[in-house]
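Residue-level listing of the chains:
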Amino acid sequence: MSIKEVAKRANVSTATVSHVINGTRYVANETKMRVLEVMKELKYQPNSVARSLRSKQSKIIGLMVPIMPGDTASFFFMSIAQGIENVLTEKGYSLILSNTKDDTATEQAQVKMFNSQLIDGLIMAPTYEEHSYLDTLRTGDYPVVFIDRKPTEAQGDCVLTEGARGAYEAVAHLIGKGHERIGFITGSLGLTTSDERLAGYKQALSDNGLTIEEQLIQVADSTNSSFDSGYRLTQTLINNHRITALFVANNVMTMGALHYLQENNIAVPDDIAIIGFDDYEWARVTRPALSMVKQPSFELGEAAANILLERIENPDADYKEVRLPTELVIRGSS
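A brief structural summary. Keep in mind the model is a prediction, meaning the values are calculated, not measured. Starting afresh in each chain, residues are numbered from 1 along the sequence in its written order. In view of the model being predicted, local features appear only for residues whose pLDDT reaches at least 70, and side-chain atom pairs are presented and counted only at 80 or more, with totals across whole chains, interfaces and linings using the full set of residues. For side-chain calculations, the full set of non-hydrogen atoms in the structure is used, while hydrogens and water are omitted.

### Describing the pattern of salt bridges
A side chain of one charge can pair with a side chain of the opposite charge when the charged atoms of the two come close.
Part 1 of the argument: A pair is scored as a salt bridge if a Lys or Arg side-chain nitrogen falls within 4 Å of a carboxyl oxygen belonging to Asp or Glu. A full pass over the atoms with the stated rule returns 11 salt bridges.
Part 2 of the argument: A salt bridge links Glu 213 to Arg 181; the nearest nitrogen and oxygen atoms lie 3.0 Å apart. Within this pair, whereas Glu 213 is found in the loop between helix 9 (192-207) and strand 7 (217-219), its partner Arg 181 is found in the loop between helix 8 (163-176) and strand 6 (182-186), the two being separated by 32 residues in sequence.
Part 3 of the argument: According to the relative accessible area criterion, Glu 213 is partly exposed, its value standing at 21%.
Part 4 of the argument: The residue Glu 214 makes a salt bridge to Lys 202 at a minimum N-O spacing of 3.8 Å. Here the residue Glu 214 occupies a position in the loop between helix 9 and strand 7, and Lys 202 occupies one in helix 9, the gap between them amounting to 12 residues.
Part 5 of the argument: What you see here is one network of salt bridges that share partners, running through Lys 150, Glu 196, Glu 321 and Arg 323. Secondary structure elements are defined from DSSP: runs of H or I of at least 4 residues count as helices, runs of E of at least 2 residues count as strands, and each element is numbered from the N terminus. Per-residue accessibility, obtained with a 1.4 Å probe over protein chains only, is compared with the maximum for each type, and a residue is labelled buried under 20%, exposed over 50%, and partly exposed between these values.

What follows is the structure, encoded as structure tokens:
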């Protein structure tokens, strides 16, 4: 949809449409109402019009993150935001941050909001994999870079971490310590983060000649990927399945698992070894300190910002997927 189509349908000049949108010159009320009605009928968004009329960019980038209230994932995404801002500030860009709360309807509403914000690009951690709606909902001509999670049915560059490799190394470490019954706890599947970590867990077992026992894999439902579910699923694994080690692929669920162990006087690592995902400061002050898979969150943000700026300069280049390595940090819990 272009400004020319709006002008033709409303029987006015393109300059008149521009003045109605931007309020830069008086337009008779009857004419203004006719232009606005045509824009509504054509579902026209002013962002692409404004960009075609301006000789320079807005120098504003949008960022969408999926943080639930009380979720320690906020540390991860805020570190990503700092990395993004570190790059953008040097290039003279500003950042607008929004939170989808990991809800698809909220995410779609925020995309509509960004359509009218004259942004030059959008960086987003998508809610769930299927994102075919983006190509029709996104009416601006700005590029999108996906971070942390890889969507399907959507066009854009991706910057991710090697989640499968991180999980593989954690489980292989536990196997190397003599553990054969290793429980796995994860948030709801259907996200590349959860799916890839599960794949890494299974691959490590297979490569080391251990049987994959589905009952040792505990998945939180989509409404309860939380501290409480980490507590409850740990209880299930210990009481019903006699595990000797535990890998938790979700940071807030790691806290819930550890709370259950402490509350029931289960010694770590003597009675059970445990490794979590994402290395926050609190993991260093537990007793014993927790072994964790560390993600390069700040560097992920920097990479995403650099790729987006490259995309703005070269919009027709092939899309790319960048994977940053994780690091297994061994401490007393394993």
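### Some points on helix 10 (residues 227-241)
Part 1 of the argument: Helix length check: helix 10, at 15 residues, gives a terminal C-alpha distance of 21 Å against a target of 21 Å (1.5 Å per residue), a fit within 8%.
Part 2 of the argument: Where the residues of helix 10 are buried, they touch strand 6, strand 7, strand 8 (245-248) and helix 11 (251-263).
Part 3 of the argument: Looking one or two residues beyond helix 10, the residue adopting positive phi is Arg 242, at roughly 55°. In this scheme, a helix's expected span is set at 1.5 Å multiplied by one less than its residue total. By the convention used here, residues are in contact when the closest approach between their heavy atoms is within 4.5 Å.

### Notes on the sheet that holds strand 5 (residues 157-161)
Part 1 of the argument: For two strands to be treated as a pair, DSSP must find at least two bridges joining them. The strand order across the open sheet built from 6 strands is 2-1-3-4-5-11, with neighbouring strands paired in parallel fashion. Two strands lie at the open edges of the sheet, namely strand 2 (94-99) and strand 11 (321-324), each paired on one side alone. Here the average twist between neighbouring strands, direction ignored, is 15°.
Part 2 of the argument: Every axis in this analysis is a line fitted to C-alpha atoms, fitted for helices over the stretch in contact. Angles between the N-to-C directions lie between 0 and 180 degrees. Along the sheet, helix 6 (residues 104-115) makes contact with strand 1 (60-65), strand 2 and strand 3 (121-124), crossing strand 1 at roughly 175°.

### Structural notes on the environment of Ile 330
Part 1 of the argument: Take Ile 330: it is sitting in the segment after strand 12 (327-329).
Part 2 of the argument: Linking Ile 330 and Met 292, residues 38 residues apart in sequence, is a C-alpha distance of 6.7 Å.
Part 3 of the argument: Contacts of Ile 330, omitting those with residues within four sequence positions, involve His 173 and Ser 291.

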